[in-house]
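Listed below, chain by chain, are the residues.
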Amino acid sequence: MKTDFPLRKIIHVDMDAFYASVEELDNPELIGKPLAVGGNEIRGVVSAANYEARKYGVRSAMSGYLAKKNCPHLTFVKPRFARYKEISQRIRSIFFEYTDLVEPLSLDEAYLDVTTNKKGNPSATLIAREIRKRIFDEIGLRASAGISINKFIAKVASDFNKPNGQKTVNPEEVLQFLEDLEIRKFYGVGKVTAEKMYRLGIFTGKDLKENSLEFLEKNFGKGGGHYFNVVRGIHNSPVKPHRIPKSVGAERTFSENLSSEVFMLERLEHIATELEKRLKKSKIAGKTITLKIKYSDFTLQTRSKTLPYFVTDKSLILDTAKELLYQEKMENSVRLLGISLHNLNTDKKKTEAKKDSVSLQLQFEF
């Protein structure tokens, strides 16, 4: 593959059914049984499901009621995020034995740039295999991996041989791989975008590639330029060891639906307190405050207000959240409330980081 953009060796490691697998690790009696983390048969939302449960259509973000309806013998367990974070840190410590260029996306997945690595191993494929083996041998969990020349392709490839597998897309295979790829498997193309692409006759990467930049920007805005580039194997985003957050938030799902605004205000105060703690711990402030409301029928609504100054103080956040709550009448009883801060003071750091970034042209075998 001849290119004018940098080729790197990127690994995307994605833990298999992470939350559920940790629960099985700590309680072997759960192994082999359909398992959902979070929610219950009465209410709540499934945070994660093991592969046995997925066979019955149980998925994350599904209501506990529907999950139980799909799988009557489903077992629910309460999430233990402190434990998941502990395991995640152990996994990351393995990553850092190979490279300092580790970009966590969440507790259960991360990018690693192993173009040059601490082991001196020229094969990203062998490094990924070794990392997966160590995670299993030392922790007892299984992981999948994707390996390629950039983050986008590595992320897509990590889904191909799940669970407990990996896929390498070598430089000379990139263009054909992307042309053959179903459009719904392009990372970042959700259900709504996929349906829009179908209506435009775009079903595969090859179909996408046949459209001009002007056509894609006309139909998909800024995303059009992204689609135009990635289908040609162009995605120059570096692995960022210290990701700058785009937003900070806190939310709560309630055991009973709330129909009184008095009770909602009480819950918002607790949420604002938690958000203030997170902001001060991260030393982050923001200007745009967003109130998230999920109704009992699972419809979602957000209301936002941008202030002329950065805030971290609970009282200012809460006052704005109250204003947003009263902005319009509630459509239904409420099952979830959340407050988040956007337009952060990290935007300047993000701009400076882009100015300081340097890309190198590399040629090598995978």
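Since this is a predicted model, take the numbers as computed values, not measurements. (Residues numbered from 1 in each chain as written. Predicted model: local features only at pLDDT ≥ 70, side-chain atom pairs only at ≥ 80, totals over all residues. Heavy atoms only, no water.)

Engineer: Just to check I follow, could you spell out the side chain of Lys9 for this structure?
Structural biologist: Note on placement: Lys9 falls in the segment before strand S1 (10-15). Within polar-contact distance, the side chain of Lys9 engages the backbone oxygen of Pro122 at 2.2 Å. (Helix = DSSP H or I, 4+ residues; strand = E, 2+ residues; numbered from the N terminus. Polar contact = N/O pair within 3.5 Å; in protein donor to acceptor, adjacent residues only side chain to side chain.)

Engineer: Can you help me understand the sheet that holds strand S5 (residues 102-106) in this one?
Structural biologist: Reading across from one edge, S5-S6-S1-S7-S8 is the order of the 5 strands in this open sheet, with mixed pairing throughout. Only two strands of the sheet have a single partner each, and these edge strands are S5 and strand S8 (166-168). The mean angle between the axes of side-by-side strands here comes to 15°, regardless of whether they run parallel or antiparallel. (Pairing = 2+ DSSP bridges. Axes fitted to C-alpha atoms, helices over the stretch in contact; angles between N-to-C directions.)

Engineer: Before we go on, may I ask you to explain helix H1 (residues 18-26) in this structure?
Structural biologist: For the α-helix, the turn length of 3.6 residues means that residues three or four positions removed from each other point alike. The buried fraction of H1 amounts to 7 of the 9 residues, a majority that puts the element mostly inside the structure. Along H1, the residues that are buried comprise Phe18, Tyr19, Ala20, Ser21, Val22, Glu23 and Glu24. Close packing links the buried residues of H1 with S1, strand S2 (35-37), strand S3 (48-49), helix H2 (51-54), strand S4 (75-77) and helix H4 (81-95). (Buried < 20%, exposed > 50% of the residue type's maximum accessible area, 1.4 Å probe, protein only. Contact = heavy atoms within 4.5 Å.)

Engineer: Teacher, can you tell me more about the pattern of salt bridges here?
Structural biologist: As a working rule, side chains carrying opposite charge can pair if their charged atoms are close by. Within this structure, the stated rule accounts for 20 salt bridges. A salt bridge links Asp16 to Lys162, with the shortest nitrogen-to-oxygen separation between them at 2.6 Å. Of this pair, Asp16 sits in the loop between S1 and H1 while Lys162 is found in the loop between helix H6 (151-157) and S8, placing the two residues 146 residues apart along the sequence. Its relative accessible area of 4% is what places Asp16 among the buried residues. Taking the shortest distance from any N to any O, the salt bridge between Glu276 and Lys280 comes out at 3.4 Å. Residue Glu276 and its partner Lys280 are located together in helix H12 (residues 261-282), separated by 4 residues, close to a single helical turn. Among the charged side chains, a network of salt bridges with common partners joins Glu23, Asp26, Arg80, Arg83 and Glu86. (Salt bridge = Lys/Arg side-chain N within 4 Å of Asp/Glu carboxyl O.)

Engineer: What am I meant to see in the pairing of strand S7 (residues 143-148) here?
Structural biologist: Successive residues of a regular strand alternate their side chains across the two faces of the sheet. Across the 6 residues of S7, 6 count as buried, placing the element largely inside the fold. Two elements, S1 and S7, share 6 bridges in a ladder whose sense is antiparallel. Bridging across to S7, Ile11 finds its partner in Ile147. Bridging between S7 and S8 involves 3 bridges; their strand directions are parallel.

Engineer: What is the right way to read unusual backbone geometry from this model?
Structural biologist: Backbone geometry follows two general trends: most residues other than glycine have a negative phi, and most peptide bonds adopt the trans configuration. With an omega dihedral of -10°, the bond running from Lys162 to Pro163 counts as a cis peptide bond. Of note, Pro163 is situated in the loop between H6 and S8. A positive phi angle, close to 45°, is found at Ala17, a residue other than glycine. Counting through the fold element by element, Ala17 comes out in the loop between S1 and H1. The class of Ala17 is buried, set by a relative accessible area of 8%. Positive phi is not limited to glycine here, since Ala61 has a value of about 75°.

Engineer: Help me understand the packing of H4 against helix H5 (residues 124-139), please; the structure alone is not making it clear to me.
Structural biologist: Between two packed helices, what matters for the description is the angle formed by their axes and the separation of those axes. Interaxial distance between H4 and H5 falls to 10 Å at its minimum, and their mutual angle equals 140°. With respect to their mutual orientation, H4 and H5 come out oblique. For the pair H4 and H5, the crossing hand works out as right-handed. When H4 is examined against H5, the residues Ile87, Arg90, Ile91, Ile94 and Phe95 are found in contact with a partner set consisting of Ile131, Arg134, Ile135, Glu138 and Ile139. Taken together, the residues that form the contact of H4 with H5 break down as 7 nonpolar, no polar and 3 charged. (Parallel < 35°, antiparallel > 145°, perpendicular 65-115°, else oblique. Left-handed = near helix turned anticlockwise from the far one by under 90°. Nonpolar A, V, L, I, M, F, W, Y, C, P; charged D, E, K, R; others polar.)

Engineer: Any chance you could explain the nonpolar core here in plain terms?
Structural biologist: Among soluble globular proteins, nonpolar side chains are generally buried collectively. Membership of the largest hydrophobic core comes to 32 residues, with the highest contact counts inside it found for Ile11, Phe18, Phe95, Leu112 and Ile135. Elements that contribute at least two residues to this core include exactly S1, H1, S2, H4, strand S6 (109-113), H5 and S7. The biggest single contributor to this core is H5, with 6 residues. Other than its neighbours up to four places away in sequence, Ile135 contacts Val13, Met15, Ile91, Ile94, Phe95, Gly140, Leu141 and Ala143. Counting 29 residues, the second largest nonpolar core, distinct from the first, contains Met264, Leu275, Ile293 and Leu337. (Core = buried A, V, L, I, M, F, W, Y, C linked by side-chain atoms within 4.5 Å.)

Engineer: Got a minute to help me understand the environment of Ile10 in this structure?
Structural biologist: Here Ile10 shows up in strand S1. Ile10 gets classed as buried once you look at its relative accessible area, which sits at 0%. Expressed as a C-alpha distance, the spacing of Ile10 and Asp113, which sit 103 residues apart in the sequence, is 4.7 Å. Those residues in contact with Ile10 that lie beyond four places of it in its chain are Tyr111, Leu112, Asp113, Gly146, Ile147, Ser148, Ile149, Asn150, Lys151, Ala154 and Val239.

This is a description of form; function is not addressed.
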